Amino acid sequence: MDLKLDHHTEDGLTTVDVEGEIDVYTAPRLRELLIDLVNKGNFHLLVNMEKVDFLDSTGLGVLVGGLKRVRAHDGSLELVCTQERILKIFRITGLTKVFGIYASVEEAREAHGRDK
């Protein structure tokens, strides 16, 4: 399965739409996009994982790396995910305490608006 990536910015929050599998083969593409966004001054990122079918440890590493990059600029990296099999990975690894995880892009945008 391939990985599809898209992004758009609205009200200071850049949403990254991810579709497919984030694994050892595709994760470098996501890493490059996150680095590029941060380098261009996008420090508040929302990764929409609603259409992600698979996530491995390489993908987790990319997300944690992205979080470290934005936090270096007092930014944030949050996730949209409702799929139990993906959420289970975040729970097992303890990353639910590290990432804000929302049920929808709208919910995350509302929370971002309150936190400004």
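Residues numbered from 1 in each chain as written. Predicted model: local features only at pLDDT ≥ 70, side-chain atom pairs only at ≥ 80, totals over all residues. Heavy atoms only, no water.

## Describing the side chain of Gln83
Mapped onto the elements, Gln83 comes out in the loop between β4 (76-80) and α3 (84-93). A polar contact of 3.3 Å, which involves the side chain of Gln83, links it to the backbone oxygen of Met49. Of the polar contacts made by the side chain of Gln83, one reaches the backbone oxygen of Glu50; its length is 2.8 Å. Leave out the neighbours within four places in its chain, and Gln83 touches Met49, Glu50, Lys51 and Val52. (Helix = DSSP H or I, 4+ residues; strand = E, 2+ residues; numbered from the N terminus. Polar contact = N/O pair within 3.5 Å; in protein donor to acceptor, adjacent residues only side chain to side chain. Contact = heavy atoms within 4.5 Å.)

## Details of the side chain of Arg109
Counting through the fold element by element, Arg109 comes out in helix α4 (residues 105-115). The contacts of Arg109, once residues within four sequence positions are left out, are His8, Glu10, Leu13 and Thr15.

## Here we look at the UniProt feature "domain: STAS" (unreviewed entry) in the protein
Those places that UniProt annotates as "domain: STAS" (unreviewed entry) correspond, in this numbering, to residues 3-112. Strand forms 34% of residues 3-112 and helix 42%; the C-alpha atoms that close the span are 27 Å apart. (UniProt positions renumbered as here; feature names shortened; annotations may be inferred.)

## Thoughts on the pairing of β4
Taking burial as the measure, the five residues of β4 include five buried ones, the bulk of the element. In the classification by handedness, the crossover that spans strand β3 (residues 44-55), the intervening helix α2 (residues 57-71) and the parallel β4 is right-handed. Note on the crossover from β4 through α3 to strand β5 (residues 101-102): the handedness is right-handed. (Buried < 20%, exposed > 50% of the residue type's maximum accessible area, 1.4 Å probe, protein only. Right-handed = clockwise from strand over helix to strand, strands pointing away.)

## Considerations on the sheet that holds β3
With mixed pairing, the five strands of this open sheet are ordered in space as β1-β2-β3-β4-β5. A single partner strand is all that each edge strand has here, and the edge strands are β1 (3-10) and β5. Where β1 lies against strand β2 (residues 13-22), eight bridges are found, and the strand directions are antiparallel. Its bridge partner being in β2, Glu10 is matched across the sheet by Leu13. Strands in contact with helix α1 (residues 27-39) are β1, β2, β3 and β4; relative to β2, the strand with the most contacts, it is inclined by about 170°. (Pairing = 2+ DSSP bridges. Axes fitted to C-alpha atoms, helices over the stretch in contact; angles between N-to-C directions.)

## Examining α3
Among all positions of α3, only Ile86, Leu87 and Phe90 are buried. Looking straight down α3, one finds its buried side chains confined to an arc of 100°; they lie on one side. Phi turns positive, to about 80°, at Gly94, one or two residues after α3. (Arc of directions from axis to C-beta.)

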